Amino acid sequence: MKILGAVLPLLVFIWVLQNKHGNCERPDVVNVGAVFSFDSVMGRAAKTAMELALSDINGDPTILNGTRLNLIMADSVCSVFKGSIEALQVIEKQVVAIIGPQSSAIAHMISFIANGLQVPLISYAATDPTLSSLQFPFFLRTTQSDQYQMEAVADIVCFYEWKEVIAIFLDDDYGRNGIASLNDALAKKMSKISYKLPLPINYDITDIMYVLNQSKSLGPRVFVVHINPDSQLRFFNAVQKLKMTGSNYVWLTTDWFSTTLDSFSPKNRSYLSTLEGIVSLRPYIPQSTRKRAFLSRWRKLQQNELVHSGLTAYGLYAYDTVWVVAHSIDNLLRQGGNISFSLSDMLNGTTSDKLQLGRLREFDGGELLMNILSQTNFTGLTGKIHFSPDRDLIGSGYEVINIAQQEIHTVGYWSNFSGLSILPPKALQNKETAVARLNQNLKIVTWPGGKSETPRGWVIANDERPLRIGFPRRASFTEFVTLNDSHNVQGYCIDLFYEARKLVPYDVPFRFVPFGTGLANPDYDALVNMVATDVFDAAVGDIAIVTNRTRMVDFTQPYVATGLVIVAPIDNSESSAWVFLKPFTLEMWGVTALSFLIIAVVIWILEHRVNDDFRGPPKRQIITMFLFSFSTLFKTNQENTISTLGRMVMVVWLFLLLVITSSYTASLTSILTVQQLSSPITGIDSLITSNSFIGYQVGSFAYSYMKDILNIAPSRLISLRSPEEFEIALRRGSGKGGVIAIVDELPYMELFLQNRTDFGIIGRPFTKSGWGFAFKKDSPLATDMSTAILKLAESGKLQEIHEKWFCQLGCPTDRRKDSEPNQLHLSSFWALYLLSGGVTVLALLVFLLRSIRQYIRYKRKYTDLSSPSNTRCSQAIYSFFDFIDEKEEAIKRIFAQHDSSQAQTNGS
């Protein structure tokens, strides 16, 4: 009994193991479905590739270990409805996975079925980025997502510095979601899709022509085309018919175009002549021995007419997809997984005979198989195959191809870690990502029209639709802009616009459209708003650049610096006891006084040894020295200069004094005749608190600024239409139906004050702004016009235009209370001071050299050479000063006596 009790559990355990082993036996056949469009550009290559993969797998004893893979194919005929029905029929046959579909729209529909029945859906061609969402956990993609492809397109757009593109796309999940990804990618590059032009799913040539004709009236000329592969290339046939292949067009396509080209026979290249200049992306598949062998095998099939399509990248993806599924099934069986199906709980109660839903079964091992699929890691024809956490293939990037001279040229590569490069992504994998991203590069591209020069990428206007430029039809200050009697637009702003337009490196057809009646100045905010609402393409005139306007439009570089100023009446009743000091600036007074002191010292030095007038007691010498210097100003000096050097210095000094005194007299005369400002308004603060009426020009932003920013009551603001009304209102004053002051922009007020001396500007501008031309938001012309305005300013042309309109009778100047326009500055006389200083220094040097020479001669003759030479430096200096203090005539007499005695000694 004890032995039986020990053996019985062992026998039960062996029976369980045998039973379990029986249940886990490998099935003879495993069914896998494939739903795709047989007769399509992708489908023709994919069908043959999958059949070859199936043959290779079933003929390989190292995989599936004797289990045969059965591929059940169903034709979706490019229809979501048909594809869904075919998918259900395939699932009825108890497939463990479905390969396909190639259509993203069909993939969306079948993914819901795959979720419910837990059947993994593996697509080699559905590129819609939204299929990677958590909504479809049983969807796996063995091709690259359009999210990566659109990032590549965005990098190309950014590389050529285009800011706007037009997207033409198929109006389904594939097209819309792909373009949405492009929009996001462009936004990161500070670019955008300006216009989206959808095509119907079953479009024809008429639909294409309609969309292309729509695009002709739009500004951008960079087109991104995202549609399905088309063996007839109908889209570009329409482009050719509409003559949209000129050098100003750019055609960028996603990989549908390269897939179409690869599907054609390599022997026939004539169709490429109509595709000159197109740039497209092609999935990059690195070269390998297996890939070259498969291409050779494919060409043999073509030669034997067993295949009628070229091998596309998606054909290679389809081949690898079958292998991915086979490897995953093999791993599932190796892990003890069952190939079994059961009725889904969701289908209980819905087993209608008509729908035959009762035949649908849930794959019990679907979740495990999906996990195995997502962990795939092997090398196929397309390279290393592994997936991201989003169940997308981690692809190797894209080739950038260009059609030129009836050939397909590879001009570069793109990958998400290196960006654009002329090297394949594999060669850059070991480099730092940041460094590779900085070195974006492509080979020379041939664009439509056969040119290699990068197209501008947009056309602002053409002869059929010229640029509509609005201008304010002013009633006052018409020097800035107006419509003359001959109905021609003229003025300072118009001349400036014409000159700037000459510097824009392309033609800009345009026509001027007046805004306003000409009876009163128009509302400039309304003019700017019409640009923002596409009534005008631009606005030219004296348009102030203020905050609320910059939110609506883009402005050019300011061509006039301006700001709000206060203008008020002035009189000359006030005078100043110190008016005589005003002709010179403080700096000028200081330098002039210092010059008198220097001249006094220099003349004393030069005259002291030869002129008795400059000798005597120290007190007398100091008085004489300074009296002589200052008396030169009035020409009353009684002392005369005797030395040649002194006279030379005096000639230059007297000429300097002549110029300075003449200029001082003229400036003082001007200052005494200029009327000084006298107004109770001293600035913007006193104007706000005065409670008096304030005038402003009709149409100016001054009204909104004072009302909204300065919080001045609107009842205090009086609108004025013309300079004549300005003058009348200012003369009347606030208490007599007029205004105490006018607030307006500086250029207007300068023009107003040009011939009116009874008014002046109080203080300085209390706002800072400028005038510019207004363009629609993100208009490239705004940037080019700004560059042109800067060039005009640098060349001096801007000032010439200003002088032409405003300086015929003298340029207007500010009349400001805190400025002295007639003061003389040191900069006006620096050359004269430099001349006088140079002559003075030269005279001193000559005097010192002569004195030193005499002193040396004197010391040699009267110093005992036998005595030791231990004289200190200070003693030598004191001795030198004592020597030059002596009168020169006495020194010469001593030299003469010494020479005479020396001669007598030699004679005896």
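Quick notes on the rules
Residues numbered from 1 in each chain as written. Predicted model: local features only at pLDDT ≥ 70, side-chain atom pairs only at ≥ 80, totals over all residues. Heavy atoms only, no water. Pairing = 2+ DSSP bridges. Helix = DSSP H or I, 4+ residues; strand = E, 2+ residues; numbered from the N terminus. Axes fitted to C-alpha atoms, helices over the stretch in contact; angles between N-to-C directions. Contact = heavy atoms within 4.5 Å. Patch = residues over 30% accessible without salt bridge, like charges linked within 9 Å, V, L, I, M, F, W, Y side chains within 5 Å. Areas by Shrake-Rupley, 256 points an atom, 1.4 Å probe, with all protein chains shown as cover. Salt bridge = Lys/Arg side-chain N within 4 Å of Asp/Glu carboxyl O. UniProt positions renumbered as here; feature names shortened; annotations may be inferred. Buried < 20%, exposed > 50% of the residue type's maximum accessible area, 1.4 Å probe, protein only. Arc of directions from axis to C-beta. Parallel < 35°, antiparallel > 145°, perpendicular 65-115°, else oblique. Left-handed = near helix turned anticlockwise from the far one by under 90°. Phe/Tyr/Trp six-rings, centres within 6.5 Å; stacked < 30°, edge-to-face > 60°. Core = buried A, V, L, I, M, F, W, Y, C linked by side-chain atoms within 4.5 Å.

### Structural notes on the sheet that holds strand β7 (residues 192–199)
- Strand order in the open sheet formed by eight strands is β7-β6-β8-β9-β10-β15-β16-β17, with mixed pairing between adjacent strands. Two strands close off the open sheet at either side, each with one partner strand: β7 and β17 (419–421). For this sheet, the mean inter-axis angle between neighbouring strands, taken without regard to orientation, is 25°.
- Contacts between helix α8 (residues 234–241) and the sheet are confined to β6 (164–170), β7, β8 (222–226) and β9 (250–253), with β9 contributing the most and set at about 175° to the helix.
- Strands β8, β9, β10 (279–283), β15 (398–404) and β16 (407–415) of the sheet are contacted by helix α9 (residues 255–263), whose axis makes an angle of about 75° with β10.

### So, the sheet that holds strand β4 (residues 121–123)
- With respect to topology, five strands assemble into an open sheet ordered β2-β1-β3-β4-β5, the strand pairing being parallel. A single partner strand is all that each edge strand has here, and the edge strands are β2 (68–75) and β5 (139–141).
- Bridging between strand β1 (residues 29–36) and strand β3 (residues 98–99) involves two bridges; their strand directions are parallel. Counted as the bridge partner of Gly33 is Ile98 from β3.

### Details of a nonpolar patch on the surface
- On the surface, Leu594, Leu597, Ile598 and Phe630 cluster together into a nonpolar patch covering about 350 Å² of accessible area.
- Relative to the helices and strands, Ile598 is located in helix α18 (residues 586–607).

### Side note on the UniProt feature "transmembrane region" (unreviewed entry) in the protein chain
- Under the local residue numbering, the UniProt record ascribes the feature "transmembrane region" (unreviewed entry) to residues 588–606, 645–666 and 830–852.
- For residues 830–852, helix accounts for 100% and strand for 0%, while the C-alpha atoms at its two ends are 33 Å apart.

### Quick look at helix α12 (residues 366–374)
- Those residues of α12 that fall on the buried side of the exposure criterion are Gly366, Leu369, Met370, Ile372 and Leu373. Taken around the axis of α12, the buried residues stretch over an arc of 160°, which confines them to a single face.
- Next to the buried residues of α12 lie β4, β5, α11 (313–334) and β12 (362–363).

### Focus on the packing of helix α7 (residues 205–216) against α8
- Viewed as axis vectors pointing N to C, α7 and α8 meet at an angle of 50°, and their least axial separation amounts to 9 Å. By the angle class used here, α7 and α8 are oblique. Pair α7 / α8 crosses with right-handed handedness. Where α7 abuts α8, its residues Ile205, Ile208, Met209 and Leu212 lie against Arg234, Phe235, Ala238 and Val239.

### Some points on the packing of aromatic side chains
- Under the defined criterion, the tally for this structure stands at 47 aromatic pairs.
- A centroid spacing of 5.9 Å and a plane angle of 80° characterise the contact between Phe235 and Trp251, whose relative ring orientation is edge-to-face. Of this pair, Phe235 sits in helix α8 while Trp251 sits in strand β9, and the two are 16 residues apart along the sequence. For the pair Phe235 and Trp251, a shared accessibility class is recorded, and that class is buried.
- Between Phe236 and Phe257, the aromatic rings sit 5.4 Å apart at their centres with planes inclined by 70°, giving edge-to-face as the arrangement. With Phe236 in helix α8 and Phe257 in helix α9, this pair connects stretches of sequence that are 21 residues apart.

### Section: the environment of Phe159
- Following the sequence through the fold, Phe159 ends up in helix α5 (residues 146–159).
- Judged by its relative accessible area of 27%, Phe159 is partly exposed.
- Considering only alpha carbons, one finds Phe159 and Gln440, 281 residues apart in sequence, at a separation of 7.3 Å.
- Beyond its immediate chain neighbours, meaning those up to four positions away, Phe159 contacts Leu420, Gln440, Asn441 and Leu442.

### Overview of the nonpolar core
- Ranked by internal contacts, the top residues of the largest apolar core, which has 86 residues, are Tyr492, Tyr559 and Leu781.
- Residues contacting Tyr492, with those up to four places away along its chain left out, are Glu479, Phe480, Tyr559, Val560, Leu798, Ile801, His802, Trp805 and Phe806.
- Listed in part, the 77 residues of the second largest apolar core include Leu69, Val95, Ala318 and Phe387.

### Some details on the environment of Trp653
- Inspection of the secondary structure puts Trp653 in helix α20 (residues 644–673).
- Here Trp653 falls in the buried class, since its relative accessible area comes to 2%.
- The contact partners of Trp653, leaving out residues within four places of it in the chain, are Ser595, Phe596, Ile599, Ser629, Thr632 and Ser836.

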